[in-house]
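This is what each chain is made of:
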Amino acid sequence: MARQTLVLLISSIVFNLCGLFASGSDDHSRPMILPLYLSSPNANWHHRQTFDGRRLQRSEPNSHMRLYDDLLANGYYTTRLWIGTPPQQFALIVDTGSTVTYVPCFDCEQCGRHQDPRFQPDLSTTYQPVKCDINCNCDKKEAQCTYERRYAEMSSSSGVLGEDVLSFGNESELVPQRAVFGCENIETGDLYSQRADGIMGLGRGRLSVMDQLVDKGVISDSFSLCYGGMGVGGGAMVLGSIKSPPDMVFTHSDPFRSPYYNIELKEIHVAGKPLKLNSKIFDGKHGTVLDSGTTYAYLPKDAFHAFKDAVTRKVNFLKQIHGLDPNYQDICFSGAGRDVTQLSKVFPQVDMVFTKGQKFSLSPENYLFPHTKVSGAYCLGIFANGDSTTLLGGIVTRNTLVTYDRANDKIGFWKTNCSELWKRLNDSNAPPPVPSAFDGRNTSVEISPSIAPSGLPDTIIPGVLQVGLISFDMMLSINNTIKPNFTELAESIAHELELNISQVRLMNYTHTGNNFVIRWAIVPAESANCFSNTKATGIIRRLKEHQMHIPQKFGSYQLVKLKVEPQMKRSWWKQHYWAVAVAVIVTSVLGLLALGTWLVWKYRLQDIVSYEPVAARAIVPEQELQPL
């Protein structure tokens, strides 16, 4: 469990790139929304929601991609970035505390095993090295500019600088842009062991992706992040400006105070009562810094102890227990219940108060993380910092749209359901269904699981526009030979693909040792005969690009085979069997009623013939017997 922040650089190069980047010619600065993915459970950072139903208003057209999250595993958020021509794909940690975007280079002397293959400059027709000059540090051959980054948790990255085309996926309206990035030769610490390929730097600086795109004039000088919550997950990242919700809370951010995104935090309230602290405590060193690349929050020691004591007093009816790692004295509480949506009834509300009295409220999910070994237990995600800087990591901004308005030197906060935000953006921008051109032939398409650099098209595969069945084989590599819980795995797959559990069906499985090969079938909803074009495309893309994340207990997985089958053209009988069945039932009922009516009428008719009423008989006077 990482306790040190990734954001505070110990050392960095002095690099001036004035005049290095050409200006763009796009007349429209369009924001683009990129996906954030939760990485493998091998990560050393982790992020952990309530839907208010409010809708985000966008001032400009934008594209969007989904943020993927798996709350059963610990990890960091990444976004997809493609570099080169043809594109080479990478999963990069979204980091507002870093300025350089870098990926492992093909000739890296010391790089770990990561999610995607290393970048190969020789395979890109548009790659150019950044040649050495007086404005940069140079390699040993004095031929190419270099970079070096060291972080407080003792990890580092160094390599050479190159320039190539960066693209952001099929759903981005921003055309590919040339930009400078780092090609790693050496990485150490957590950077070496993480599964993600590298870092996407969103901080302030000439090497930042944001600065380069803004300098080209292709986006406005603003971006937003929205991390999903503890209960559901999901979210999005927006590059470019959006129309701020009317109740978004803003605070000033001083770009001259430090290279990091800082805010003017003055007070912290717990359950409506301010902590007894001098407001200057949050203004030490770098001030109060927001860092999306750090998981937890770190307060100066006095502020941490005051916060811990205030929360502990409010939940004194809960039992304090040990944390996950004995090396750390985590503050954990048991007995709060497993329903994370009810945590606000147990734990107090926390308010951050900014200059001029603006107040932004935090839910318990913004300062707690679940204890993975004790059900219904939670631990404080706020820790004491080693220096006087106040550092707010991703945990504080769960289910919060955070807008980094760099053009106006302010940062805004707005509580929302980030998973639902993604869905609303997706629904509002979804293209209209493509008219079906399926001719009724019994055909199927098998798709190689290898990831195509450009991904799948926005519409479904030509000739198979109405998808009736999606099946795939996945190979699980688990740590033991115990048969996995297929029901739980099916629920996880349904959640990742945004389906009902009834749509995910186990077909069969085989296993050899620790490897299980499982075949799944994805079927349309009960009320539909086929998937919509948008839905099928989304499912196929997530499977094909390995964007589905499963709980840690199931180990790692590989997609072995993916098969797409069209909607089968049904016979007249299959298409109308319900109508026929209803007609048969109605006819049978009417026939039985008619038969019953006829039998009753016949029975009554027999009574009329057999017995004559007394009044109808002739009355004859009685006579005595006559003698013989």
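Residues numbered from 1 in each chain as written. Predicted model: local features only at pLDDT ≥ 70, side-chain atom pairs only at ≥ 80, totals over all residues. Heavy atoms only, no water.

Asker: Kindly report on the nonpolar core, identifying the contributing residues and their values.
Answerer: Residues Leu 239, Phe 307, Phe 347 and Tyr 367 are the most contacted members of the largest nonpolar core, which totals 83 residues. Ranked by residue count, the leading element in this core is helix α3 (residues 301–314), at 5 residues. Looking at which domains feed residues into this core, each of domain 1 (63–219) and domain 2 (253–396) supplies at least three. Counting 30 residues, the second-largest nonpolar core is a separate cluster that includes Met 474, Phe 486, Leu 489 and Ile 493. (Core = buried A, V, L, I, M, F, W, Y, C linked by side-chain atoms within 4.5 Å. Buried < 20%, exposed > 50% of the residue type's maximum accessible area, 1.4 Å probe, protein only. Helix = DSSP H or I, 4+ residues; strand = E, 2+ residues; numbered from the N terminus. Domains from an automatic or database assignment.)

Asker: Explain the UniProt feature "active site" (unreviewed entry) in the protein to me, and be specific about the residues and the numbers.
Answerer: Feature annotation in UniProt places "active site" (unreviewed entry) on Asp 95 and Asp 291, given in this structure's numbering. In terms of the greatest pairwise C-alpha distance, the residues named above, spread along 197 residues, form a tight cluster of at most 6.8 Å across. Checked against the element boundaries, Asp 95 lands in strand β5 (residues 88–95). Within the structure, the side chain of Asp 95 is placed 2.9 Å from the backbone nitrogen of Gly 97, a separation counted as a polar contact. (UniProt positions renumbered as here; feature names shortened; annotations may be inferred. Polar contact = N/O pair within 3.5 Å; in protein donor to acceptor, adjacent residues only side chain to side chain.)

Asker: Let's hear about the sheet that holds strand β21 (residues 332–334): which residues, and what values?
Answerer: Read across the sheet, 4 strands follow the order β20-β21-β25-β24 without closing on themselves; strand pairing throughout is antiparallel. Strands at the two margins of the open sheet, each flanked by one partner only, are β20 (319–321) and β24 (368–370). Within this sheet the neighbouring strands show an average axis-to-axis angle of 35 degrees, counted without direction. Sheet topology note: the β24/strand β25 (residues 378–380) ladder contains 3 bridges and is antiparallel. Paired with Phe 369 across the two strands is Cys 379, which belongs to β25. (Pairing = 2+ DSSP bridges. Axes fitted to C-alpha atoms, helices over the stretch in contact; angles between N-to-C directions.)

Asker: Can you lay out the sheet that holds strand β27 (residues 390–392) for me, pointing to particular residues and giving the numbers?
Answerer: Across the sheet, 5 strands lie side by side as β15-β18-β27-β19-β26; this open sheet has mixed pairing. Across the chains shown, the open sheet's two edge strands, defined by having one partner strand only, are β15 (261–263) and β26 (382–384). Each neighbouring strand pair of the sheet contributes to a mean axis angle of 30 degrees, computed without reference to strand direction. Pairing geometry for strand β19 (residues 297–299) and β26, over 3 bridges, is parallel. Directly across from Ala 297, in β26, lies its bridge partner Ile 382. Seen against the sheet, α3 touches β19 and β26 and runs at an angle of roughly 140 degrees to β26. (Contact = heavy atoms within 4.5 Å.)

Asker: With reference to specific residues and values, describe helix α5 (residues 486–496).
Answerer: Residues of α5 that are buried: Phe 486, Leu 489, Ala 490, Ser 492, Ile 493, Ala 494 and Glu 496. Looking one or two residues beyond α5, the residue adopting positive phi is Glu 498, at roughly 60 degrees.

Asker: Could you give an account of the confidence of the model for the protein, naming the residues involved and the relevant values?
Answerer: Chain-level statistics for the protein give a pLDDT mean of 77 and a share of 73% at 70 or above. Within the model, the stretch residues 428–464 combines pLDDT values under 50 with 80 contacts to residues more than four positions away or in other chains. (pLDDT = per-residue confidence, 0-100.)

Asker: Before we move on, could you go through unusual backbone geometry and cite the residues and values that matter?
Answerer: A cis geometry characterises the amide bond from Thr 85 onward to Pro 86, with omega recorded as -5 degrees. Looking at the element boundaries, Pro 86 is found in the loop between β4 (77–83) and β5. One non-glycine residue, Ala 271, lies in positive phi territory at about 55 degrees. Among the structural elements, Ala 271 can be located in the loop between β16 (265–270) and β17 (273–274). The class of Ala 271 is partly exposed, set by a relative accessible area of 34%.

Asker: Just give me the short version of the side chain of Asp 139, but keep the residues and values in it.
Answerer: For Asp 139, the position within the fold is in the loop between β7 (128–129) and β8 (146–151). One buried charged residue, Asp 139, remains without a salt bridge, the closest side chain of opposite sign being Lys 141 at 6.8 Å. Residues contacting Asp 139, with those up to four places away along its chain left out, are Gln 144 and Thr 146. (Lys, Arg positive; Asp, Glu negative; His and termini not counted. Salt bridge = Lys/Arg side-chain N within 4 Å of Asp/Glu carboxyl O.)

Asker: Give a detailed account of the state of the cysteines, specifying residues and quantitative values.
Answerer: Enumeration according to the criterion identifies 6 disulfides in this entry. Across the disulfide from Cys 105 sits Cys 183; the S-S distance is 1.9 Å. Sign of the S-S torsion, about 90 degrees for the bond between Cys 105 and Cys 183, identifies this disulfide as right-handed. Note that Cys 105 is positioned in the loop between β6 (102–104) and β7 and Cys 183 in strand β10 (residues 177–188), a separation of 78 residues in sequence. You can call Cys 105 buried: its relative accessible area is 5%. With a relative accessible area of 0%, Cys 183 lands in the buried category. The disulfide partner of Cys 136 is Cys 145, and the S-S distance across this bridge is 2.0 Å. Taking the sign of the torsion about the S-S bond as the criterion, the disulfide between Cys 136 and Cys 145, at about -75 degrees, is left-handed. Of note for the protein: the bonded cysteines, numbered N- to C-terminal, pair according to 1-8, 2-3, 4-6, 5-7, 9-12, 10-11. (Disulfide = S-S within 2.5 Å.)

Asker: Which residues make up the pairing of strand β23 (residues 359–362), and what values do they have?
Answerer: Burial along β23 is one-sided: the residues Phe 360 and Leu 362 are buried and none of Lys 359 and Ser 361 is. As paired strands, strand β22 (residues 350–354) and β23 are joined by 4 bridges and run antiparallel to one another. From the neighbouring strand, Met 352 faces β23, where its bridge partner is Phe 360. Counting the residues that bridge the hairpin from β22 to β23 gives 4 residues, and of these Lys 356 lies at a positive phi of roughly 70 degrees.

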